[in-house]
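# A structural walkthrough
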Amino acid sequence: MKNIQVETTNATYVFSGRSKMICFILMAIGIISIIAQFATHYEQAWANILHANFFFMGMALCAAFFVAVQYVARAGWSANIMRIPEAMMTWLYVAMPVMIIILIAGGHHIYHWMHDGITDKANPHYDSIIAGKSPYLNMPFFYLRLIAYTAIWCWGAYMLRKLSIAEDTEGGNSNYFKATKVATFFVILFAVTSSTAAWDIIMSIDVHWYSTMFGWYTFAGMFITALTGMAMWIVYLKSKGHLEEVTEHHLHDVGKFMFAFSIFWTYLWFAQYLLQWYSNIPEEVVYFRTRLDYYRWPLWIAVFLNFVFPFLILMTRDAKRKFFILVFGGTIILIGHWLDNFNMIIPGVLSNNHSFHWHIGLYEIGTTLGFLGGFLYMVHSKLASAVLIRKNHPMTVESMHHAI
Amino acid sequence: MSNVESALRPALITGDKTMHQITEDICRPIEGKANKYWWMAFSVSCAALLWWIICVSYTVGTGLGVWGLNKTVGWAWDITNFVWWVGIGHAGTLISAILLLFRQKWRLSINRSAEAMTIFAVICAASFIVAHMGRPWVAYWPLPLANQFGSLWVNFNSPLVWDVFAISTYFSVSLVFWYSGLLPDFAVIRDRAKTKSMKFWYTLLSFGWSGTAKNWQRFEEMSLVLAGLSTPLVLSVHSVVSMDFATSIIPGWHTTIFPPYFVAGAIFSGFAMVQTLLIIVRKVLGMEDYITMYHIDMMNRIIVVTGSIVGVAYITEFFIAWYSGVEYESYAFINRATGPYWWAYWSMMTCNVISPQLFWSAKLRRNLTFTFFMSIIVNIGMWFERFVIIVTSLHRDYVPSSWAMFSPTWVEMGIFIGSLGLFFVPFLLFTRFFPVIAMSELKTIFHSSTSQVKKQQAESKKGDLVNG
């Protein structure tokens, strides 16, 4: 059995000097914002860095998840766009070490449960609830878990990319089947680690609070950012004259995913909110009470941007095929989920410091732009390091003829 | 949908069938006579249905006191069975709606019977709601007809009322979806009919379908619209069912993961039931060329994925119960696993989480006997899941003096066993009078997925490019 060799046009991407310059400018903005925040003893500083890093980490992680699912589900339509998530997921190599550094250096400023003596009965700051959680929430185990996530996720991204590139030169289906095995293991490990990582990195900020939905809710948000990122990269590459083989039919499918998972995110957001609001149990409801009292605008704007907006503009068939709508709508969705991550991280960190004075200003946006610069640099350079359309992929023939 | 297919994909119609043979094979059970196995199954189902009628009549005539419910355990087998049946009713719409949106060609051989199963299962579920009302003659009270009752307006804050809306919407959309899919197939039987009565009935059923391009265009459009409407319904129905429990403050019931976790469990149990039914149907009706081992393999994959999602949810619940630091939460879960109902909990764990993991093995996924056995195991496990959630969370109340155990009476057991008759009688009639495979739709993959196309593909020098 032999697969079609694809004669692709314009399949080599060059990371231009201009694009590099833009990435460096963004990174410089980030570095300046971070330094300025620390110089002004800004109480949100550590949380802002965590927020920005988590956002792009989630995007890279779910790009890896997307790649893995394409193998496990034997998807055909996506073969020609695989190089994009394959480039996006390599950001994990940076995001995960950075995450460990942030949480080692800034953990005490982010997590109330890391405070000295909080689990010590003799200490005046003793907190019996946190003491009860300490078999799980203690520093050695916490950092050990972070290292495990790093190892598992980076292994998945590395293997999936390696096998995909080997397929270009070696041909045959053996790399495809090997990648399917890796993808299966990755999906299983992802199912557990995506939830536990969400508890560790984010849910434990509001350490007294708990919600069984939290892991899946976090995943839903990350997955949309990955899908949106993919759509925007396709549009970008096409506008530069690449990816001729990727048609509006492929874009339509990515658009459908963005639409569907925006609704899925809303479903989980709403179910979590509704159940806690309805039962009105003090331990639980305090989470949303804080956000309703002090973070009303970010809370409702996030719901609007993540649900009402994509629901209305991505509804029609034509909308999902238009460059402008995908880029404009995609930008709004990314801002919406950035804001949602803000709502998940910042209120907890600030209230641990007995503060409700949140800001979204130059520091927050600047930090995020810095991480955006790093992320874009990584994706640009990985896109340039392999051909843009996979050669010898057994599903290429289906992707080439994809029409809906 | 394009006819070009990767060589990796196996044939979905085996036995080198022609278009005509497909029609013949699928119409045969309707046009021929039922064999003795069908009559045996039908008699047993009718007996069960009769038993159901007797037990329900006895309950309604005498009162709910004939059940084993007590002051502490106010919901037990009734709601367990309700949720079990609604869950089973999830696979049909998942196959017809979500797998349609994902363009999964293998759904075409199984969607018809899965949708039929959905409809009959939802009827069974509804019967438990009505039966446990105690006064079924006022079963219309949950409907918002309140102006007829003076100031008595239904409580829109109650998830029980949401449930009435969710399930009736789901039932009506599923029914329309199923029936509209049947129209072209009814027309085929109408056109082939040899007797006057068959001609008459299938003319009536086929709504004047003439098979024109315009007919088909409308048919396709309607399928997409209905798929779009049913996709959120697949998620919403069981989410609302879960909220019957999760909106409460009862430890073990109140947990935010319930809506998506119930949906995953429902799809899991629904596919297990589809396996149970289809493995029998393909054997009895000789449909092995249409429901191939690949179809069974694909369904087993869905079972292992949804079973594992359910497993993650069990572990999440258990972990967060401890993590929350709420002693009542922790106790509810420890009591489930180690208390007097430990056997129910471990039956659930074994059947739903541990044993389906065997399906990671491709060999076992393609083993018919093992698949059949597993499908029964999963059905049992999912029944226990609902029993565990409902009864173990209730039976040890906050006040130890109200602690109680639950044991069902013969009446409750009779209603449950009888409900299998309520399900199988219409399902068996369906296999006799309705085409069990959506033959007209199945023919749309004739040029891409039959065994002869696959042979051509293998021989072709151009590799996997066929009909391009």
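Here, the structure is the one placed above.
Attention in this report is confined to the structure presented alongside it. (Residues numbered from 1 in each chain as written. Chains lettered and ligands numbered in written order. Predicted model: local features only at pLDDT ≥ 70, side-chain atom pairs only at ≥ 80, totals over all residues. Heavy atoms only, no water.)

## What to know about the overall build of chain A
- The helix and strand tally for chain A stands at 15 helices and zero strands.
- A compact globule built from 404 residues would reach a C-alpha radius of gyration of about 22 Å, and chain A, at 22 Å, matches this within 12%.
- Here the C-alpha coordinates of chain A stretch approximately 70 × 45 × 40 Å along the principal axes.
- A burial count over chain A gives 60% of its 404 residues as buried.
- Residue pairs at least 24 apart in sequence account for 82% of intrachain contacts in chain A once pairs closer than 6 positions are excluded.
- Looking at chain A as shown, the accessible area adds up to about 15,200 Å², and 70% of this sits on carbon and sulfur atoms. (Helix = DSSP H or I, 4+ residues; strand = E, 2+ residues; numbered from the N terminus. Rg over C-alpha atoms; globule rule 2.2 N^0.38 Å. Buried < 20%, exposed > 50% of the residue type's maximum accessible area, 1.4 Å probe, protein only. Contact = heavy atoms within 4.5 Å. Areas by Shrake-Rupley, 256 points an atom, 1.4 Å probe, with all protein chains shown as cover.)

## A word on the overall build of chain B
- Along chain B, the regular secondary structure elements total 18 helices and zero strands.
- Over its C-alpha atoms chain B spans a radius of gyration of 24 Å, differing by no more than 12% from the 23 Å that the globule rule assigns to 468 residues.
- Taking the principal axes of its C-alpha atoms as reference, chain B extends roughly 75 × 50 × 45 Å.
- Residues counted as buried form 59% of the 468 residues belonging to chain B.
- As presented, chain B carries roughly 19,000 Å² of accessible surface, and 69% of it is formed by carbon and sulfur atoms.
- Positive and negative side-chain charges in chain B, numbering 33 and 25 respectively, have mean positions lying 8 Å apart. (Lys, Arg positive; Asp, Glu negative; His and termini not counted. Charge placed at Lys NZ, Arg CZ, Asp CG, Glu CD.)

## Focus: the packing of aromatic side chains
- If you walk through the whole model with that rule in mind, you get 100 aromatic pairs over all chains.
- Between the aromatic rings of Tyr295 of chain A and Trp358 of chain A, the centroid separation amounts to 5.8 Å while the plane-to-plane angle is 25°, which identifies the pairing as stacked. Placement of the pair is Tyr295 of chain A in the loop between helix H11 (282-294) and helix H12 (296-313) and Trp358 of chain A in the loop between helix H13 (323-352) and helix H14 (362-384), with a sequence separation of 63 residues.
- Pairing Phe120 of chain B with Trp178 of chain B gives two aromatic rings, centres 6.3 Å apart and planes at 80°, and the pair type is edge-to-face. With Phe120 of chain B in helix H5 (residues 111-131) and Trp178 of chain B in helix H6 (residues 159-192), this residue pair connects regions lying 58 residues apart in the sequence. When sorted by exposure, Phe120 of chain B lands in the same class as Trp178 of chain B, which is buried.
- Its guanidinium or amino end placed over the ring of Phe141 of chain A, Arg145 of chain A lies 4.4 Å from that ring's centre, counting from NZ or CZ.
- Against the face of Phe333 of chain B rests Arg336 of chain B, its NZ or CZ located 4.6 Å from the ring centre. (Phe/Tyr/Trp six-rings, centres within 6.5 Å; stacked < 30°, edge-to-face > 60°. Lys NZ or Arg CZ within 6 Å of the ring centre and 35° of its normal.)

## A closer look at a nonpolar patch on the surface
Residue and element names in this part refer to chain B.
- Residues Leu50, Trp51, Ile53, Ile54, Tyr58, Trp410, Met413 and Ile417 make up a contiguous nonpolar surface patch of about 770 Å² in total accessible area.
- When residues of the nonpolar patch are traced back to their parent elements, those giving at least two are helix H2 (36-62) and helix H15 (410-433).
- With five residues, H2 is the single largest residue contributor to the nonpolar patch.
- Take Ile54: it is sitting in helix H2. (Patch = residues over 30% accessible without salt bridge, like charges linked within 9 Å, V, L, I, M, F, W, Y side chains within 5 Å. Salt bridge = Lys/Arg side-chain N within 4 Å of Asp/Glu carboxyl O.)

## Observations regarding the interface of chain A and chain B
- At the interface, 52 residues of chain A touch 48 residues of chain B.
- The largest per-residue losses of area from chain A upon contact with chain B belong to Thr212, Trp216 and Leu275 of chain A, which jointly make up 19% of the total buried on that side.
- Here chain A is connected to chain B by two salt bridges.
- Arg9 of chain B is the salt-bridge partner of Glu398 of chain A, the closest N and O atoms lying 2.6 Å from each other.
- Where chain A touches chain B, the interface holds 18 residue pairs in polar contact (both at pLDDT 80 or more).
- Those elements giving two or more residues to the side of chain A that touches chain B turn out to be helix H6 (128-133), helix H8 (174-202), helix H10 (248-279) and helix H15 (396-400) of chain A.
- Counting residues per element, the side of chain A that touches chain B draws most heavily on H10 of chain A, at 12 residues. (Buried area = accessible area lost by both parts, 1.4 Å probe. Polar contact = N/O pair within 3.5 Å; in protein donor to acceptor, adjacent residues only side chain to side chain.)

## What about the side chain of Ser239 of chain B?
- Topologically, Ser239 of chain B is positioned in helix H8 (residues 213-246).
- Residue Ser239 of chain B is classed as buried on the basis of its relative accessible area of 3%.
- Other than its neighbours up to four places away in sequence, Ser239 of chain B contacts Tyr267 of chain A together with Pro259 and Val263 of chain B.

## Here's the deal with the environment of Ile205 of chain A
Residue and element names in this part refer to chain A.
- Mapped onto the fold, Ile205 is located in the loop between H8 and helix H9 (214-239).
- Sequence separation between Ile205 and Ala11 is 194 residues, and the spatial gap between their C-alpha atoms is 45 Å.
- Discounting chain neighbours no more than four positions away, the residues touching Ile205 are Leu50, Ile110, Tyr111, Ile345, Gly348, Val349 and Asn352.

## Some details on the packing of H8 of chain B against helix H9 (residues 258-284) of chain B
Residues and elements named next belong to chain B.
- Their axes nearest at 8 Å, the elements H8 and H9 cross at an angle of 120°. When the axes of H8 and H9 are compared, the pair comes out oblique. At the point where H8 passes H9, the crossing takes the right-handed sense. Across the interface between the two elements, Val234, Leu235, His238, Ser239, Val241, Ser242, Met243, Phe245 and Ala246 of H8 pack against Phe258, Pro259, Phe262, Val263 and Ala266 of H9.
- A breakdown of the residues in the contact of H8 with H9 according to their chemical character gives 11 nonpolar, three polar and no charged. (Axes fitted to C-alpha atoms, helices over the stretch in contact; angles between N-to-C directions. Parallel < 35°, antiparallel > 145°, perpendicular 65-115°, else oblique. Left-handed = near helix turned anticlockwise from the far one by under 90°. Nonpolar A, V, L, I, M, F, W, Y, C, P; charged D, E, K, R; others polar.)

## As for the nonpolar core
- By size, the foremost hydrophobic cluster in this structure holds 277 residues, and its most contacted members are Leu50, Leu103, Tyr111 and Ile201 of chain A together with Trp85, Tyr261 and Phe271 of chain B.
- Excluding residues within four positions of it along the chain, Leu50 of chain A makes contact with Met99, Ile102, Leu103, Ile110, Tyr111, Ile201, Ile205 and Ile345 of chain A. (Core = buried A, V, L, I, M, F, W, Y, C linked by side-chain atoms within 4.5 Å.)

## Quick word on the side chain of Ser206 of chain B
- Here Ser206 of chain B is to be found in the loop between helix H7 (196-205) and H8.
- When its relative accessible area of 0% is taken as the criterion, Ser206 of chain B is described as buried.

## A few points about the pattern of salt bridges
All names here are of chain A.
- Under the definition given, this model contains 25 salt bridges over all chains.
- With a shortest N-O distance of 2.9 Å, Arg83 and Glu86 are connected by a salt bridge. Residue Arg83 and its partner Glu86 are located together in helix H3 (residues 83-88), separated by three residues, close to a single helical turn. Of the two residues examined, Arg83 and Glu86, each falls in the buried class.
- A salt bridge links Lys256 to Asp253; the nearest nitrogen and oxygen atoms lie 3.3 Å apart. Placement of the pair is Lys256 and Asp253 together in helix H10, with a separation of three residues, close to one helical turn.
- Residue classification places Lys256 among the partly exposed positions, given a relative accessible area of 28%.
- A cluster of three or more residues bridged by salt bridges with shared partners is formed by Arg83, Glu86, Glu167, Asp168 and Arg390.

## With respect to helix H1 (residues 17-39) of chain A
Residues and elements named next belong to chain A.
- An ideal rise of 1.5 Å per residue puts 33 Å on 23 residues; H1 measures up with 32 Å between its terminal C-alpha atoms.
- Ser19, Cys23, Leu26, Gly30, Ser33 and Gln37 are the residues of H1 that are buried.
- Check the buried side of H1 and you find it contacts helix H2 (45-72), H9 and H14.
- Taken from the residues just after H1, His41 is the one with a positive phi, measuring 50°. (Expected span 1.5 Å × (residues − 1).)

## A short note on H8 of chain A
- Taking 1.5 Å per residue, 29 residues should reach 42 Å; H8 of chain A reaches 40 Å between its end C-alpha atoms and fits that length.
- At Phe190 of chain A, H8 of chain A shows its maximal bend, which comes to roughly 30°. (Bend = angle between axes of the 7 residues up to and from the residue.)

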